[in-house]
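# Per-entry structural report
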Amino acid sequence: MPSRMMQNTPSGNTEGDLTVMKVISRTLSGEPPFGRTNEEENRHMHDVNDNGRREGTASSTHGTEKEQNDQVYEPQSQGPPKAVLIKIAVLSMFLLQFLFWVVACWINGKLYKQTQYAHRLKVYAVDMDGGEVGKSLLQAAQSLNGQAGQPTWVIIPYETTIDSRPPIDYNRVYDDVSVGKSIWGAVIANEGASTRLNEAINGTLKGEGEVYDPSKALTFIYNESRYHTVEKALIFPNMVKVAGIAETVHRMQFGIPRIIGGGVTPSGASAIMEPIKYTVKNIAPFAFDTTFLINTIMFVIPTISQFFLIMALNGIFGGAGAYANWSFKTNMKIRAFFAFFHPCLIGLFWASWLYIFKNGAQLGTVQFFQMWCTIWMFAMINFQVIDGVCSLIDVKWMPYMIFSWVITQIATVILPNSLASNFYRVDYFFPSYHVWGVFMTIVGHGSNNHLKINLTVLFMWLIVATCWGIFGNYTRWKRIQRGKKPAVAKYLGGR
């Protein structure tokens, strides 16, 4: 067919021959046959009209040529049929709703029926007094055991040995709460509490201005930096509750009978009516005004920021042909630069935000750099995970992945696994769980220390995520080098 076209073209029309050859060359090379710009098309038509005026037979020859060209050029494909596109759109809609359903069930399930699992949290009730105050405390704690929404009270009578160790003392109780394993708090009947109370009732109290101080009867020990919301909503209120019950028990069993028996001075009666109060020892205060944001919105920032950066990098370098024209080594050098320094900035800003709004939190320079390095590592992990996924799937599906990843990360840190179904032990797998563990250790100045596990898992995540990111980028580079598109793209017109 191209030979007949060239034979029918007038021999003197050299410009027309070149134009036809150009169009035929585009067709044979697989380029769109109507690839001429508007300027080229107008110039071509102008030249043809000029040739028609100079040669009387040129217009008819041109008409013959146009008819033959119409037979050669076929309309460009317009993509899949409408029915196929509608099916894909409907399927995407249902997949999106299914994703929202699963993610919503995931995070709601983590918070579902927390009080049902409250018994997994243990609190010491320790009698170091050996008298009426200690007995009242143990009786009060025992009365609360088994009630819904109550932690399990570990009853430790006077001079009791546990695990073949010497009788429990204040330092051992403090260490058990500080370590942050199964013990979440402790209520201690202080040594000599009953002696001081009896002296106040009998009017023989010496020292202390001869005024009885009921707050020296009990001591609360708890760690506010360990899941602040749990300590404030579940542990501390129940310690206050057991102290109130202990005071009532002492008043009814030991105080009122003395008043009835007579011989009690007014100051002694006052001590009987208010025998037991408490002093609080908070191991590590969590004095942030933005407490509820730290383990929710603040944990979204490292992930979302990496996603936006990766989208920008793919648009800039992909649009410039970097993956097609640059070597894999060059691409990875640039990727490594952003994968290292952008998370560094995120960690710096994250730690700075906490310090700006820390209020009364006791954080120094050391804690600042510790937080910076922790979030730096977390952001690096997120960069490599997202970059690897983004290299393998079409950008249209990335919001689904990011949405699921973000919600899952938040669900791991909003509540301890002790207050959730056993299914959520899977949280130990996710990096955010261990980042939050490191954060609690930093804020707690070494308390709740599980760094051996937390840091080990985070470094493993960093190594695996880096390998994953390299694999994804290499796969994308090879695919573009071969001129291929992602599998999803060929159906949805992705690039």
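Notes on the structure in this doc start here. (Residues numbered from 1 in each chain as written. Predicted model: local features only at pLDDT ≥ 70, side-chain atom pairs only at ≥ 80, totals over all residues. Heavy atoms only, no water.)

With that out of the way, let us pick up the overall build of the chain. The secondary structure content of the chain amounts to 19 helices and five strands. Per-residue burial for the chain yields a buried fraction of 45% across its 495 residues. Put simply, of all contacts in the chain between residues at least 6 apart along the chain, 76% involve residues at least 24 apart. (Helix = DSSP H or I, 4+ residues; strand = E, 2+ residues; numbered from the N terminus. Buried < 20%, exposed > 50% of the residue type's maximum accessible area, 1.4 Å probe, protein only. Contact = heavy atoms within 4.5 Å.)

Let us now look at the sheet that holds strand β3 (residues 183–189). The strand order β2-β1-β3-β4-β5 describes an open sheet built from five strands, whose pairing is mixed. Strand pairing shows two members of the sheet lacking a second neighbour, β2 (152–156) and β5 (278–282), which therefore form its edges. When the angles between neighbouring strand axes are averaged without regard to direction, this sheet yields 20 degrees. Pairing geometry for strand β1 (residues 122–127) and β2, over five bridges, is parallel. Paired with Ala125 across the strands is Ile155, a residue of β2. Of the strands in this sheet, β1, β3, β4 (218–222) and β5 are in contact with helix α7 (residues 170–179), which crosses β3 at around 160 degrees. (Pairing = 2+ DSSP bridges. Axes fitted to C-alpha atoms, helices over the stretch in contact; angles between N-to-C directions.)

Our focus in this paragraph is helix α17 (residues 431–443). Taking 1.5 Å per residue, 13 residues should reach 18 Å; α17 reaches 19 Å between its end C-alpha atoms and fits that length. For α17, the tally of buried residues reaches 13 of 13 residues, placing the bulk of the element in the interior. (Expected span 1.5 Å × (residues − 1).)

On to the environment of Leu137, then. Along the chain, Leu137 falls in helix α6 (residues 132–144). Judged by relative accessible area, Leu137 falls into the buried class, the value being 0%.

The next point concerns the packing of aromatic side chains. Scanning the entire structure with this criterion turns up 37 aromatic pairs. Pairwise contacts between aromatic rings join Phe337, Phe338, Phe340, Phe341, Tyr355, Phe368, Phe369, Trp372 and Trp376 into one cluster. Above the ring of Trp184, the side-chain terminus of Arg226 is found at 3.7 Å from the ring centroid. (Phe/Tyr/Trp six-rings, centres within 6.5 Å; stacked < 30°, edge-to-face > 60°. Lys NZ or Arg CZ within 6 Å of the ring centre and 35° of its normal.)

Along the polypeptide, Thr374 turns up in helix α15 (residues 365–392). Of the polar contacts made by the side chain of Thr374, one reaches the backbone oxygen of Gln370; its length is 2.7 Å. Aside from chain neighbours lying at most four places away, what touches Thr374 is Val435, Val438 and Ile442. (Polar contact = N/O pair within 3.5 Å; in protein donor to acceptor, adjacent residues only side chain to side chain.)

Okay, helix α10 (residues 266–273) next. Among all positions in α10, only Gly268, Ala271 and Ile272 are buried. For α10, the angular spread of the buried residues around the axis is 100 degrees, confining them to a single face. Buried residues along α10 sit against α8 (193–202) and α9 (228–261). (Arc of directions from axis to C-beta.)

Now for the pattern of salt bridges. Counting across every chain of the model gives eight salt bridges. Glu247 serves as the salt-bridge partner of Arg251, at 3.6 Å between the closest nitrogen and oxygen. In this pair, Arg251 and Glu247 both sit in helix α9, four residues apart, roughly one turn of the helix. Of the charged contacts, one joins Lys277 and Glu247 as a salt bridge, the two residues approaching to 3.5 Å between their closest N and O atoms. Residue Lys277 is found in the loop between α10 and β5, and its partner Glu247 is found in helix α9; the two are separated by 30 residues along the sequence. Take Lys277: its relative accessible area is 30%, and that puts it in the partly exposed class. The exposure class of Glu247 is buried, given its relative accessible area of 9%. (Salt bridge = Lys/Arg side-chain N within 4 Å of Asp/Glu carboxyl O.)

Time to look at a nonpolar patch on the surface. Taken together, Leu345, Phe349, Trp353, Ile356 and Phe357 make up a surface patch of nonpolar side chains, about 490 Å² in accessible area. With respect to the element layout, Phe349 can be found in helix α14 (residues 328–356). Relative accessible area serves as the criterion here: at 40%, Phe349 is assigned to the partly exposed category. (Patch = residues over 30% accessible without salt bridge, like charges linked within 9 Å, V, L, I, M, F, W, Y side chains within 5 Å. Areas by Shrake-Rupley, 256 points an atom, 1.4 Å probe, with all protein chains shown as cover.)

Burial analysis of β1 places five of its six residues in the buried class, which makes it a mostly covered element. The parallel pair β1 and β2 is bridged by α6, and the resulting crossover is right-handed. (Right-handed = clockwise from strand over helix to strand, strands pointing away.)

All right, on to the packing of helix α5 (residues 82–111) against helix α16 (residues 398–413) then. The description of two helices packed together rests on the angle between their axes and the distance between the axes. Here α5 crosses α16 at 5 degrees, and the two axes come no closer than 9 Å. Classified by the interaxial angle, the pair formed by α5 and α16 is roughly parallel. Contacts between α5 and α16 pair Ser92, Leu96, Leu99, Phe100, Val103, Trp106, Ile107 and Lys110 from the former with Tyr400, Phe403, Ser404, Ile407, Thr408, Ala411 and Thr412 from the latter. Across the contact of α5 with α16, the residue classes break down as 10 nonpolar, four polar and one charged. (Parallel < 35°, antiparallel > 145°, perpendicular 65-115°, else oblique. Nonpolar A, V, L, I, M, F, W, Y, C, P; charged D, E, K, R; others polar.)

Trans is the common state for peptide bonds, and a negative phi is the common state for residues other than glycine. Notably, Tyr227 is not glycine yet its phi reads approximately 45 degrees, a positive angle. At Asn448, a residue that is not glycine, the phi angle is positive and equals roughly 50 degrees.

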